[in-house]
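Listed here are the chains, written in short residue letters.
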Amino acid sequence: MELIQNTPDLSAYLAADEVIDHHHPVVRDTAAQLASQSADSYAYAQAAFEFVRDTIAHSQDSGDLRVTWRASDVLEQGTGICHAKAHALAALLRAEDIPTAFCYQQFDVVHGLVAVRFDGAWHRQDPRGNKPGVDARFSLDGERLAFTPDPHSGELDCPVLYAKPHPAVLDALRTATDRPHLWELLPTAL
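Predicted, not measured: the structure shown is a model, and the values here were computed from it.

Rules behind the numbers
Residues numbered from 1 in each chain as written. Predicted model: local features only at pLDDT ≥ 70, side-chain atom pairs only at ≥ 80, totals over all residues. Heavy atoms only, no water. Phe/Tyr/Trp six-rings, centres within 6.5 Å; stacked < 30°, edge-to-face > 60°. Lys NZ or Arg CZ within 6 Å of the ring centre and 35° of its normal. Core = buried A, V, L, I, M, F, W, Y, C linked by side-chain atoms within 4.5 Å. Buried < 20%, exposed > 50% of the residue type's maximum accessible area, 1.4 Å probe, protein only. Helix = DSSP H or I, 4+ residues; strand = E, 2+ residues; numbered from the N terminus. Axes fitted to C-alpha atoms, helices over the stretch in contact; angles between N-to-C directions. Parallel < 35°, antiparallel > 145°, perpendicular 65-115°, else oblique. Left-handed = near helix turned anticlockwise from the far one by under 90°. Contact = heavy atoms within 4.5 Å. Nonpolar A, V, L, I, M, F, W, Y, C, P; charged D, E, K, R; others polar. Salt bridge = Lys/Arg side-chain N within 4 Å of Asp/Glu carboxyl O.

Draft legend 1. Structural context of the packing of aromatic side chains. On inspection of all chains with the given rule, the structure shows five aromatic pairs. The aromatic ring of W69 is capped on one face by R174, whose charged end is 4.6 Å from the ring centroid.

Draft legend 2. Representation of the nonpolar core in the model. Formed by 43 residues in total, the largest nonpolar core has its most connected members in Y44, L92 and L93. For this core, the elements supplying multiple residues, two or more each, are helix 1 (25-36), helix 2 (41-55), helix 4 (71-77), helix 5 (82-95), strand 4 (100-106), strand 5 (110-118) and helix 6 (167-175). Of the residues forming this core, the biggest block, nine residues, is contributed by helix 5. Core analysis: the second largest hydrophobic core is formed by ten residues, C103, L113, A115 and L161 among them.

Draft legend 3. Structural view of the packing of helix 1 against helix 5. As a packed pair, helix 1 and helix 5 sit with axes 9 Å apart at the nearest point and diverge in direction by 65°. By the angle class used here, helix 1 and helix 5 are roughly perpendicular. Considering how the two elements wind past one another, helix 1 and helix 5 form a crossing that is right-handed. Facing V27, R28, T30, A31 and L34 of helix 1, the residues of helix 5 in contact are A91, L92 and A95. A class-by-class count of the residues in the contact of helix 1 with helix 5 yields six nonpolar, one polar and one charged.

Draft legend 4. Structural view of the pattern of salt bridges. Throughout the structure, instances matching the rule amount to twelve salt bridges. We note a salt bridge from E18 to R70, for which the minimum N-O separation is 3.2 Å. In this pair, E18 is assigned in the loop between strand 1 (4-5) and helix 1 and R70 in the loop between helix 3 (59-62) and helix 4, connecting sequence segments 52 residues apart. Look at E18 and you get partly exposed, because its relative accessible area is 44%. Salt-bridge contacts for D61 lead to K131; the nearest nitrogen and oxygen are separated by 3.6 Å. Separated by 70 residues along the polypeptide, D61 in helix 3 and K131 in the loop between strand 6 (121-125) and strand 7 (156-157) bring together distant segments of the chain. For D61, a relative accessible area of 37% corresponds to the partly exposed category.

Written as structure tokens, this is what we have:
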């Protein structure tokens, strides 16, 4: 699948905003700690991925009812669904000048991923969190995502790389009063 930037300006994939608040002290402190233990940007990207995947609980798996959406809140509260975890990972990567996009897969609801840009190419990553039957890994050499869509069932990979989280996803995250309410609001397609 060819990944398609929704904006040609690569600097848009480094930007901070209300959601990807990579200038927030908790994001900066986490990024600095990870960077101090990483030899280069590749090692940092993998460390940031593993940090989000392994230390931020996927709220559905853990039973946490809270809904987070801002990167700093995800890091502070240590919880979030796939979209929130993608926001946290994007903030950590952008904090260290690694272009990061948001991308999606379509299942019963839209699933959130990120893509990182290295060596002139985009590489999708899924920081969702592993569990039995799910083994997502950081990879620049072939995808190791949590899920593989089944096109015969109407599932699909969305090729668009967004500089900002998709508005429909972000609206659901901001509006939901708790995680069960969020499942009612998340889009089924983009």
